[in-house]
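Each chain is listed here by its residues.
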Amino acid sequence: MPACLTTVCLAVTLALPAPSATYVGRENQLQVRLPRIEREAANITIDGTLDEGAWAQAALLTGFSQFSPQDGIPAADSTQVLIWYSPTALYIGVRAFEQHAAVHATLADRDKISADDNVQILLGTFHDKRQAYVFAVNPFGVQMDGTIVESGASFNSGWTPTLSGRAAPDLSQDFVFTSKGRLTEYGYEVELRIPFKSLKYQSSDVQSWDINVVRQVQHSGYEDSWAPAKRANASFLAQSGSIEGMSGFDRGLVLDVNPVITQKANGSPGPDGWTYRRPAAQVGGTVRWGITNNLTMTGTAKPDFAEVESDAGQFIIDPRQALFFPEKRPFFLEGLEAFAVPHNLVYTRRIVRPDAATKLTGKIAGTSIGFLSASDDPTLTPQHFSTVYNIVRAQRDVGGQSRIGMAYTDRILGGDYNRVADVDGRILFGGVYSGSFQYAQSYDKTGSTLRNAPLWEGILSRNGKRFGFRYTITGIQDDFRAASGFISRPGIVHAAADHRATWYADRGSTIEALTGDILFDDTWQYSHFVHQGDAQDKKFHVSGSMGLRGGWNAGAGVYWETFGWDQALFQNYRILSPKGDTLPFTGVGRIPNRDYVFTLSTPQWSAFNASLLYIGGQDENFYEWAQANINVVSLTVNARPSDRLRIGGTLAYQDYWRRTDNSLVGRNMIPRVKLEYQLTRSIFMRAVGEYDLGQTDDLRDETRTFYPILINGRSAIASRSRSLHGDYLFSYQPRPGTVLFLGYGSVGNGVPDPTDRFNFQPIKRGSDYVFVKYSYLFRM
């Protein structure tokens, strides 16, 4: 819709009914006392129109200010938030005024509204200003929900410094709530009902909750907040306001029963052609019981973990580091924040196919707790032993914003075990400073071999608006094992010193924010660090980024790096002399590199947005342990031709060229396309296609002899491989827990042929599957 004129918006604002309930303003630390309305709650219809009498009695939150890209200035657009509660639910209404440009709104799938204008309600139900539920809606009322747990993550987690100033919500969990929205002549209006059954909160009779409201305006790229949060603060949640004096909640029995049935057929080639194996349908279910307001127990038996979409392909940039794939399974996603431990010492994807599992999560007397126990399918192990996991996590609030935590994980397989004990903490001080620490010890028994080893870390950071830094040192001993967690690379000590400075211009300037970053980053082999040896990898990065008017972001950097010889990585390498002798592969001691980095992201236009990362220059050729000319591209493009159709594409590309003769060492490419059509808010259809291509040349001793390389006694000859993945899904999901999925997926492979190693082989279908899944949420 076209933007309304200022006079029209003003007239509409004056014509709206004024809420009459108490609003305690900023002079009293943003404390709001909500009216309790019982009689009219039953007559409320969540339709996106705030015309019932209860809304005239609601508390009013207004006076928003801008938070990003610059804080401390009034919001360019006005926002009104109305709040009241009944014994069973919290009711929230929003009037978002837009006088500058068209509102961005699509009929998106759940959690897919980041390209739309949206309003996010942050509720800290334990009043600790450390964690919060997030309930967000776009102008049509399409939902996005999750949690925020501030853990002190780095302000520079990408290739160039980011301009965001708050932790992004974890959207993996889905909560039951009702919402509806509509476009209006002045902007848009939305209405939400959040049942208390969907929340965990304090056990006291009188409730005080943290609250903040964030509004994202896509045409400008601005982010506004109700509580006037400052970027120069180590915590965004600590700057929330509060809603006070709520009482008389009546959640009733909190019991969710979620049975599920799944039927899957797997296809593969056989002697008689293509055949399908269809095992018996799997019947399972999950039960969730709210023991108290602040404690929830969940149990599951034979849960369905059928993937509705395969993991996106990833490149191995550094073969010394393992690839991480996020958790997607509903049982493990619920309450996942209770098991968050630094360095991923809890990684639930280690539990592959449990027969049964149970967990307990909540917060009691300032201590967050989580307990998880699972027994994995015995057919996954050669001995047909069940793998048993027991995981405990607890975090205690200390002072205003600090915490201390512990974790214990135990994985048992027959007579073998792996146990990890951990203590960690985070201390906030001086408003912008924070310090974190961690110490963990692993105890591992495999056969007759016993290994005990430590992991440790210390972090000091300053999150100032104009200047910040982050100093970190981490050590992981070679024998440290975390069989219930994920350690990307053991046997190292890593230290980094990262410094950031940001300059802000007036709102509406061509360049609204400019950030520069200098990073010193060294990695030692653990034994070398202990004995004061030289760092194996040394990095010095200089980079910058800028936020431009309208939501554009651009960045550039120069990275100087050197990589030291890693004997363990090449222990299976040999070289073959012209006489047929096998000789040791001894690489050069150090490889110097220099990379040039460029990033660009467009605004979130209503029909399109894109982002690009390019890395070029000289970098390590791990294939042959030599310097190479490289090109790395990561491209993301999202198109929204209509308010129902979404097309998303990504391209990951890398190649390595020898500097001696400019011949190609290796190339990898993964284009991926996802097409989604939203029939209604509850129904969508999706098709995903991914093409993976990989090629390498005959490998040679590039830095010394140019003789052919042998790996595990075999010639490292050229190869060509490619595969094609396709996933198709029909989804009906009227609310979390109630779903009907109809899916089909297939994989085709072009298997490398050693006799024709320089040509790609035809892609042939290798496997496929068809599945049906139905579950229904019974909420007592």
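Thresholds, definitions, all that
- Each chain has its residues counted from 1, following the order in which its sequence is written.
- In view of the model being predicted, local features appear only for residues whose pLDDT reaches at least 70, and side-chain atom pairs are presented and counted only at 80 or more, with totals across whole chains, interfaces and linings using the full set of residues.
- As a rule here, side-chain values come from all non-hydrogen atoms in the structure, and water together with hydrogens is ignored.
- Going along the chain from the N terminus, every DSSP run of H or I of four or more residues is numbered as a helix, and every run of E of two or more is numbered as a strand.
- Throughout, radius of gyration means the C-alpha value; the globule benchmark is 2.2 Å times the number of residues raised to the power 0.38.
- We call a residue buried when its accessible area falls under 20% of the maximum for its residue type, exposed when it is over 50%, and partly exposed in between, using a 1.4 Å probe and counting protein chains only.
- In this analysis, two residues are considered to be in contact whenever any of their non-hydrogen atoms come within 4.5 Å of each other.
- Residue-level accessible areas treat just the shown protein chains as cover; the underlying method is Shrake-Rupley with a 1.4 Å probe.
- Charge counting follows a simple rule: Lys and Arg are positive, Asp and Glu are negative, and His as well as the terminal groups are ignored.
- Throughout, a charge is located at the NZ atom of Lys, the CZ atom of Arg, the CG atom of Asp or the CD atom of Glu.
- Criterion used throughout: strands pair if DSSP finds at least two bridges between them.
- A 1.4 Å probe that fits but cannot get out identifies a cavity on a 1 Å grid over protein atoms alone, an open set with protein on both sides within 12 Å along at least five of seven lines counts as a pocket, and a residue lines either if it has an atom within 4 Å of a point.
- Grid points are joined across faces, edges and corners, and a volume is the space filled by probe spheres set on the points.
- Where helices are involved, their axes are fitted lines through C-alpha atoms of the stretch in contact, as for all axes, and angles between N-to-C directions lie from 0 to 180°.
- Three classes are used, and their members are as follows: Ala, Val, Leu, Ile, Met, Phe, Trp, Tyr, Cys and Pro are nonpolar, Asp, Glu, Lys and Arg are charged, and the others, Gly among them, are polar.
- Between Lys or Arg on one side and Asp or Glu on the other, a salt bridge is scored when a side-chain nitrogen of the former is within 4 Å of a carboxyl oxygen of the latter.
- Any pair of Phe, Tyr and Trp rings, taking the six-membered ring for Trp, is counted once the centres come within 6.5 Å. Such a pair is stacked with planes under 30 degrees apart, edge-to-face with planes over 60 apart, and tilted for the rest.
- Counted as a polar contact is a pair of N or O atoms within 3.5 Å, where, for protein atoms, one must be capable of donating a hydrogen and the other of accepting one, and residues adjacent in sequence contribute only when both atoms are in side chains.
- Buried Ala, Val, Leu, Ile, Met, Phe, Trp, Tyr and Cys residues that are joined via side-chain atoms within 4.5 Å together make up what is termed a nonpolar core.
- Predictor confidence is given residue by residue as pLDDT, running from a minimum of 0 to a maximum of 100.
- For patch building, the residue pool is restricted to those with more than 30% relative accessible area and no salt bridge; the joining distance is 9 Å between like charges and 5 Å between nonpolar side chains (Val, Leu, Ile, Met, Phe, Trp, Tyr).

Enquirer: Could you give an account of the overall build of the protein chain, naming the residues involved and the relevant values?
Expert: In terms of helices and strands, the protein chain carries four helices and 44 strands. What you see for the protein chain is a C-alpha radius of gyration of 28 Å, in line with the 28 Å of a compact globule of 780 residues. In terms of principal-axis extent, the alpha carbons of the protein chain reach across some 95 × 60 × 50 Å. Burial analysis of the protein chain (780 residues in total) assigns 50% to the buried set. Restricting to contacts in the protein chain with at least 6 residues of sequence separation, those with at least 24 account for 63%. In the form shown here, the protein chain has an accessible surface area of approximately 33,100 Å², with 58% of it arising from carbon and sulfur atoms. Each charge class in the protein chain was averaged separately, 76 positive and 78 negative side chains, and the resulting centres sit 2 Å apart.

Enquirer: Tell me about the pairing of strand S36 (residues 645-658), and please be specific about residues and values.
Expert: Moving residue by residue along a regular strand, the side chains alternate between the two faces of the sheet. For strand S35 (residues 626-639) and S36, the ladder comprises 12 bridges, and the chain directions are antiparallel. In the sheet register, Leu635 faces S36, and the bridge partner there is Leu651. Adjacent in sequence and paired antiparallel, S35 and S36 are bridged by five residues. As judged from the 13 bridges shared by S36 and strand S37 (residues 664-678), these two strands associate in the antiparallel manner. Residue Tyr653 lies in a different strand from S37, and its bridge partner there is Met669.

Enquirer: An account of empty space enclosed by the protein is requested, with residue identities and associated values reported.
Expert: What the rule picks out here adds up to three cavities of 30 Å³ or more. Its boundaries defined by the atoms lining it, the second largest cavity holds a volume of some 40 Å³.

Enquirer: Residues and numbers for the sheet that holds strand S6 (residues 89-97), please.
Expert: Read from one edge to the other, the open sheet built from five strands follows the order S2-S5-S6-S11-S10, with strand pairing classed as antiparallel. Since the sheet does not close on itself, it has two edges, and those belong to strand S2 (59-61) and strand S10 (178-183), each with one partner. Direction aside, neighbouring strands of the sheet carry axes that sit 15° apart on average. Two elements, S6 and strand S11 (residues 187-195), share nine bridges in a ladder whose sense is antiparallel. Looking at the pairing, Arg95 lines up with Glu189 of S11.

Enquirer: Give me the layout of surface pockets: which residues, what numbers.
Expert: In this structure, the second largest pocket spans a volume of roughly 390 Å³. As for the second largest pocket, its lining consists of 19 residues, of which Ile316, Pro319, Tyr623, Gln654 and Asn668 are closest to the centre. Those elements that provide at least two residues to the lining of the second largest pocket are S36, S37 and strand S38 (683-696). Looking at the lining of the second largest pocket, the element that brings in the most residues is S38, giving three residues. By residue class, the composition of the lining of the second largest pocket is 12 nonpolar, five polar and two charged.

Enquirer: Describe the pattern of salt bridges, naming the residues involved and giving the relevant values.
Expert: A side chain with one charge can pair with a side chain of the opposite charge if their charged atoms come near. Under the definition given, this model contains 40 salt bridges. Of the charged contacts in the structure, one is a salt bridge between Asp256 and Arg779, with a shortest N-O distance of 3.0 Å. Of this pair, Asp256 sits in strand S15 (residues 255-270) while Arg779 is found in strand S44 (residues 778-779), placing the two residues 523 residues apart along the sequence. Given a relative accessible area of 7%, Asp256 falls into the buried group. In this structure Arg779 comes out as partly exposed when scored by relative accessible area, which is 22%. A salt bridge links Glu327 to Arg329; the shortest N-O distance between them is 2.8 Å. The two residues Glu327 and Arg329 agree in class, both being buried. Within the structure, one salt-bridge network assembled from shared partners comprises Glu624, Arg658, Asp661, Asp697, Arg700 and Glu702.

Enquirer: Outline the pairing of S37, supporting the account with residue identities and numerical values.
Expert: Two successive antiparallel strands, S36 and S37, enclose a turn made up of five residues, where Asn662 displays a positive phi of approximately 60°. With 11 bridges joining them, S37 and S38 adopt antiparallel strand pairing. When the bridges of S38 are listed, Glu676 appears paired with Arg686.

Enquirer: Which residues make up the packing of aromatic side chains, and what are the values?
Expert: What the rule picks out here adds up to 42 aromatic pairs. When the centroid spacing of 5.9 Å and the interplanar angle of 70° are considered together, the rings of Tyr85 and Phe249 count as edge-to-face. With Tyr85 in strand S5 (residues 79-85) and Phe249 in the loop between strand S14 (241-247) and S15, the pair connects residues that are 164 residues apart, well separated along the chain. What makes Tyr85 buried here is its relative accessible area of 2%.

Enquirer: Explain the side chain of Arg215 to me, using residue names and the numbers behind them.
Expert: If you trace the backbone, Arg215 turns up in strand S12 (residues 206-217). Nearest to the buried, unbridged Arg215 among oppositely charged side chains is Glu98, at 4.0 Å. Within the structure, Arg215 has its side chain in polar contact with the backbone oxygen of Ser78 (distance 3.0 Å). With sequence-adjacent residues up to four places away left out, Arg215 is seen in contact with Asp77, Ser78, Thr79, Ala96, Phe97, Glu98, Asn118, Val119, Tyr188, Tyr222, Glu223 and Asp224.

Enquirer: How would you explain the environment of Arg393 if you had to name every residue and give the values?
Expert: Examined against the element boundaries, Arg393 turns out to sit in strand S21 (residues 387-398). In this structure Arg393 comes out as buried when scored by relative accessible area, which is 1%. The spatial distance from the C-alpha of Arg393 to the C-alpha of Ser368 is 8.1 Å, given a sequence separation of 25 residues.

Enquirer: Any chance you could break down the nonpolar core for me, citing the residues and the numbers?
Expert: Ranked by size, the top nonpolar core spans 37 residues in total, and within it Leu34, Leu90, Ile92, Leu123, Phe135, Trp209 and Trp226 carry the most contacts. Residue assignment for this core shows that the elements contributing at least two residues are S2, S5, S6, strand S7 (118-124), strand S8 (131-137), S11, S12 and S14. In this structure, Phe331, Phe332, Ala374 and Ala453 belong to the second largest nonpolar core, which totals 22 residues.

Enquirer: Tell me about the confidence of the model for the protein chain, and name the residues and values.
Expert: Confidence in the prediction of the protein chain, expressed as mean pLDDT, is 89, and 93% of residues score 70 or more. Note on residues 154-163: pLDDT is under 50 here. Beyond four places in sequence and across chains, it has 37 contacts.

Enquirer: Could you give an account of unusual backbone geometry, with specific residues and numbers?
Expert: With omega at 10°, the peptide bond leading from Ser68 into Pro69 counts as cis. Secondary-structure assignment places Pro69 in the loop between strand S3 (65-68) and strand S4 (73-74). Of note in this structure, Lys129 is not a glycine but carries a positive phi near 55°. In this structure, Lys129 sits in the loop between S7 and S8. One non-glycine residue with positive phi stands out, namely Asn712, at about 55°. Structurally, the position occupied by Asn712 is in the loop between strand S39 (709-711) and strand S40 (714-715).

Enquirer: Now, about the sheet that holds strand S31 (residues 573-576): what can you tell me, with residues and values included?
Expert: Hydrogen bonding along the main chain pairs the strands of a sheet, whether they run parallel or antiparallel. As summarised here, the arrangement of the four strands in space is S32-S31-S39-S40, forming an open sheet in which the pairing is antiparallel. Edge positions in the sheet fall to strand S32 (582-584) and S40, since each of these pairs with one other strand and no more. As paired elements, S39 and S40 share two bridges and run antiparallel to each other. Residue pairing in the sheet places Leu710 in a bridge with Ser715 of S40.

Enquirer: Help me get a handle on a nonpolar patch on the surface, residues and values and all.
Expert: A cluster of nonpolar residues, Leu253, Ile261, Val283, Trp289, Ile291, Met297, Tyr774, Tyr776, Phe778 and Met780, forms a patch on the protein surface that exposes about 910 Å² of accessible area. Per element, the largest residue contribution to the nonpolar patch is three residues, and it comes from strand S17 (residues 282-292). Looking at where Met297 falls in the secondary structure, it is placed in strand S18 (residues 295-301). Given a relative accessible area of 34%, Met297 falls into the partly exposed group.

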